[in-house]
Amino acid sequence: MVKVAETAGFCFGVDRAVNLVYDLIDKGEKVCTLGPIIHNSQLVEDLESKGVRIIDDVSQCPEGHTLVIRTHGVEKKVIDKAKALNIHFMNATCPFVLKIHKIVSGQTDNTVTLIAGDENHPEVLGIRSYCRGKSFVFKNEEELKNIIENNKLCEENSLICVSQTTFSLSEWKKCEKILKKLYTNCKIYSTICNATADRQEEAAALSKQSQAMIVVGGRHSSNTCKLRDVCARYADTFLIETAQELKNIDLCAYDVIGVTAGASTPSVIIKEVLKSMSEENLEKEVETTEEVVEIADTAEKADKAAVKASADGEATFEEMLEESFREDENSKVVKGTVVNITPTEVFVDVEGRKQTGVIALDDLSSEPVNKPEDVVAIGDVLDLVIMKTDDSEGVLKLSKKLVDAFKGWEDIVAAKDSQEILEGTVVSVVKGGVIVLTKGIRVFVPASLTGIARGHDLDILKDTTVRYKVIDINLARRRAVGSIKVVVNEEKKAQQEALWASLEEGQRLTGTVKSLTSYGAFVDIGGMDGMIHISELSWNRIKHPSEIVNPGDVVEVTIKKLDDENKKISLGFKKIEDNPWEILKRDYPVGTDCKAKIVGLAAFGAFANIIPGIDGLIHISQISWDRIKTPADVLSVGDEVNVRIIEIDFDKKRVSLSMKELIEKPEEVISILADEPTAVEEADDVSGSDTPDSPVAEENDDAPAVGISEETEAE
């Protein structure tokens, strides 16, 4: 059995670059590329056969040629040089790579940038050229550890980390774990391309189910080599560039074989590999998804997004439209006036025609229609396409839907140039995304651009109205790709800017707790997040924010600080009326008697909790009228005792307590026998006497247990 990966073939960035070059060729333009447009020798050879020249330096660009910058980008100085030489160029750098350029170039000169990738790869060289401060490159966790050991990364510097878009996902996770452990202030940007991550995850899963893996792609392609490394962990793996190389591999010994391909591998090569495996009489069933079968049946320039967009079986709509406008008798555009409406058909008088015109309900509109009256009324003049002339019945079968779709396509193309926000209905969920219907045109929105988090069900968008922008157009194939996410982000940004302008320090707001960390809680205050530090959650000491709040809680907060440069909001949660010192001032003035719980012991006294959040000190001299050596002689942690508040220092946050103030003070008697040892001995001799009339006993009874002078007490 042969299993084919669903994500095999061109990724968005590669497909965009390749289509750009082919479109220029189709327009008759002379093209040269700065290095190979992608790392696939077969496609590069095909482009060379069509006149595309490969140059190594922008200065080599011949006059009259359009220079195309390759997908993995170039160093900043190359772009600057092309501009200086007034060379007409088109930048086909993958948008995901451009995003990394923007991240690193937006840092300060004191920012140290760590880059996960191959330091000699053109993409990494390009990224480093946009770094304003120091930069270091590592390809695995060992190299990262060496950089950390040999460099003082965070000394008076900020630190960020990005990755090459095709970096190994498993290796990235290891390195990310190290950085989070050692540098809590490091900003980590996960810039591995979604297509790369999906491809590697699927390759790993497929290789676990297979005995052997065939990886199709260029040997110089970074993402293809990463796929090979991923698959090699679980199955015997063979990297091939063409179907011919299968002749050198004996696959007969394997019962289950998996096939995947790099992001720069044309679909025609995948098709040839699958066909060759069948022809080699491997006697194995080829198990492919609908999407992969369609890829295998497309031409060399097949674009993956368009295939996904047509995965629901209606990809030939635009072809039907073109067919309808051919210059023959049965495809002319005519005008017709509505004369009659039935539940299933609309009848029209066609200008210049004697036959009756009929529009079936299905041909009336691309939108779902319950009854014709919802779309047209008697007397309406419509532009229509003659789909069929039925001479036997003397009628013309017409379509309004095709005309609307033709006009709709023009509107879609115009919206791409003007960046207009369009509305449409999500009519179906397909592999890799959703189909949005607008003005009769089906626009494909990839899953990553729907605004729905990865792993969540896209079905929640079905039959809903969405707002989106057209981000890519393939005129030759009449394919459009849209993004819901870009509109959501733009609207969110505008909302945040408006909200930020209205915020002031000290302002009271209501928000919803979104998430918790060990150091605080993040609260949504209406489109922006602020943070309540753990110290601001309670007047009492707490170990974790979950002791006070939980995600989903609606809370009242106060803006403590606004960081305009970084757009960060610090929030306060504690209420002044809950401040234990305010409660103490109000309800526990000096002289108040209350119960307190012993919470700590020291050589000089005991600490007792008066109210939650405030402990007072019972000095050793205030524990008892009797002299004691240590507080532990008479007190234990957990004891509840009666105390009197004898002093409060609100500035230093100190409270002094006394236990002995609540105990009756013994009469002070100075023994007259202090200097007469014989009297003391005599008192000792009779101290145990039971004779109540003994004069010594009476004297002993009246004497204090311990005599303490006022000076000693003060000490």
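Residues numbered from 1 in each chain as written. Predicted model: local features only at pLDDT ≥ 70, side-chain atom pairs only at ≥ 80, totals over all residues. Heavy atoms only, no water.

## A short note on unusual backbone geometry
Alright, step 1. Non-glycine residue Asn86 carries a positive phi angle of around 55°.
Alright, step 2. Here Asn86 lies in the loop between α3 (76-84) and β5 (89-91).
Alright, step 3. Phi is positive for Lys653, which is not a glycine, with a value near 55°.
Alright, step 4. You can see Lys653 is positioned in the loop between β32 (640-649) and β33 (654-658).
Alright, step 5. For Lys653, a relative accessible area of 45% corresponds to the partly exposed category. (Helix = DSSP H or I, 4+ residues; strand = E, 2+ residues; numbered from the N terminus. Buried < 20%, exposed > 50% of the residue type's maximum accessible area, 1.4 Å probe, protein only.)

## So, the packing of helix α8 (residues 194-209) against helix α9 (residues 222-232)
Alright, step 1. For the pair α8 and α9, interaxial distance at closest approach is 8 Å and the crossing angle is 30°. The orientation of α8 relative to α9 falls into the category roughly parallel. Judged by the twist between their axes, the crossing of α8 over α9 is right-handed. Mapping the contact onto sequence places Arg199, Gln200, Ala203, Ala204 and Ser207 in α8 and Lys226, Leu227, Val230 and Cys231 in α9.
Alright, step 2. A class-by-class count of the residues in the contact of α8 with α9 yields five nonpolar, two polar and two charged. (Axes fitted to C-alpha atoms, helices over the stretch in contact; angles between N-to-C directions. Parallel < 35°, antiparallel > 145°, perpendicular 65-115°, else oblique. Left-handed = near helix turned anticlockwise from the far one by under 90°. Contact = heavy atoms within 4.5 Å. Nonpolar A, V, L, I, M, F, W, Y, C, P; charged D, E, K, R; others polar.)

## Points about a nonpolar patch on the surface
Alright, step 1. Side chains of Val599, Phe604 and Phe607 sit close together on the surface and give an oily, nonpolar patch of about 240 Å² of accessible area.
Alright, step 2. Turning to its location among the elements, Val599 is positioned in strand β29 (residues 593-602). (Patch = residues over 30% accessible without salt bridge, like charges linked within 9 Å, V, L, I, M, F, W, Y side chains within 5 Å. Areas by Shrake-Rupley, 256 points an atom, 1.4 Å probe, with all protein chains shown as cover. Salt bridge = Lys/Arg side-chain N within 4 Å of Asp/Glu carboxyl O.)

## What to know about the sheet that holds strand β4 (residues 65-69)
Alright, step 1. The strand order across the open sheet formed by four strands is β3-β2-β4-β5, and the pairing between neighbours is parallel. Edge positions in the sheet fall to β3 (53-55) and β5, since each of these pairs with one other strand and no more. Recorded for the sheet is a direction-independent mean angle of 30° between the axes of neighbouring strands.
Alright, step 2. Strand direction decides the pairing type here: β4 and β5, joined by three bridges, are parallel. Paired with Val68 across the bridge in β5 is Met90.
Alright, step 3. Against the sheet, α3 makes contact with β2 (30-34), β4 and β5, and its axis sits at roughly 150° relative to β5, the strand it touches most. (Pairing = 2+ DSSP bridges.)

## Some thoughts on the packing of aromatic side chains
Alright, step 1. Taken as a whole and assessed by the stated rule, the structure comprises four aromatic pairs.
Alright, step 2. The interplanar angle of 85° and the centroid separation of 6.5 Å between the aromatic rings of Tyr519 and Phe522 together place this pair among those described as edge-to-face.
Alright, step 3. Ring centres 6.1 Å apart and planes at 90° place the aromatic pair Phe604 and Phe607 in the edge-to-face group.
Alright, step 4. You can call Phe604 partly exposed: its relative accessible area is 41%.
Alright, step 5. In this structure, Lys653 is placed above the aromatic ring of Trp581, and the distance from its NZ or CZ to the ring centre is 5.7 Å. (Phe/Tyr/Trp six-rings, centres within 6.5 Å; stacked < 30°, edge-to-face > 60°. Lys NZ or Arg CZ within 6 Å of the ring centre and 35° of its normal.)

## Details of α9
Alright, step 1. Of all the 11 residues making up α9, eight are buried; the element is thus mostly covered by neighbouring parts of the structure.
Alright, step 2. For α9, every residue scored as buried is listed here: Ser222, Asn223, Thr224, Cys225, Lys226, Leu227, Val230 and Cys231.
Alright, step 3. The inward-facing, buried residues of α9 contact α8, β10 (212-216), β11 (236-240) and β12 (257-261).

## Regarding the pattern of salt bridges
Alright, step 1. Using the criterion set out here, one finds 22 salt bridges in the structure.
Alright, step 2. A salt bridge links Asp229 to Arg228; the nearest nitrogen and oxygen atoms lie 3.3 Å apart.
Alright, step 3. The shortest N-O distance in the salt bridge between Lys469 and Glu490 comes to 2.9 Å. Of this pair, Lys469 sits in strand β22 (residues 465-474) while Glu490 sits in helix α15 (residues 484-502); the two residues are 21 residues apart in sequence, bridging distant segments of the chain.
Alright, step 4. Residue classification places Lys469 among the buried residues on the basis of a relative accessible area of 8%.
Alright, step 5. Each of Arg219, Glu241 and Glu245 takes part in one network of salt bridges that share partners.

## Overview of the environment of Pro372
Alright, step 1. By the secondary structure assignment, Pro372 is in the loop between β16 (356-360) and β17 (381-390).
Alright, step 2. Residue classification places Pro372 among the buried positions, given a relative accessible area of 1%.
Alright, step 3. With 13 residues separating them along the chain, Pro372 and Ile359 place their C-alpha atoms 9.7 Å apart.
Alright, step 4. Beyond its immediate stretch of four places on either side in the chain, Pro372 contacts Ile341, Thr342, Pro343, Glu345, Val346, Leu361 and Leu364.

## Some thoughts on the packing of helix α6 (residues 141-150) against helix α7 (residues 169-182)
Alright, step 1. At a minimum axis separation of 9 Å, α6 and α7 run at an interaxial angle of 25°. In terms of orientation, α6 lies roughly parallel with respect to α7. Regarding α6 and α7, the two cross each other, and that crossing is right-handed. Listed contacts from α7 to Glu141, Leu144, Lys145 and Ile148 of α6 are Glu171, Lys174, Cys175, Ile178, Leu179 and Leu182.
Alright, step 2. The residue inventory of the contact of α6 with α7, partitioned by class, reads six nonpolar, no polar and four charged.

## Re the nonpolar core
Alright, step 1. Counting 23 residues, the largest nonpolar core has Leu34, Val58, Leu67, Val104, Ile115 and Val162 as its most contacted members.
Alright, step 2. At the level of secondary structure, the elements contributing two or more residues to this core comprise β2, β4, α3, α4 (95-105), α5 (122-129) and β8 (158-163).
Alright, step 3. With sequence-adjacent residues up to four places away left out, Leu67 is seen in contact with Cys32, Thr33, Leu34, Ile55, Val58, Cys61, Ile87, His88, Phe89 and Met90.
Alright, step 4. Of all hydrophobic cores here, the second largest spans 22 residues; its members include Cys594, Ala596, Ile598 and Val641. (Core = buried A, V, L, I, M, F, W, Y, C linked by side-chain atoms within 4.5 Å.)

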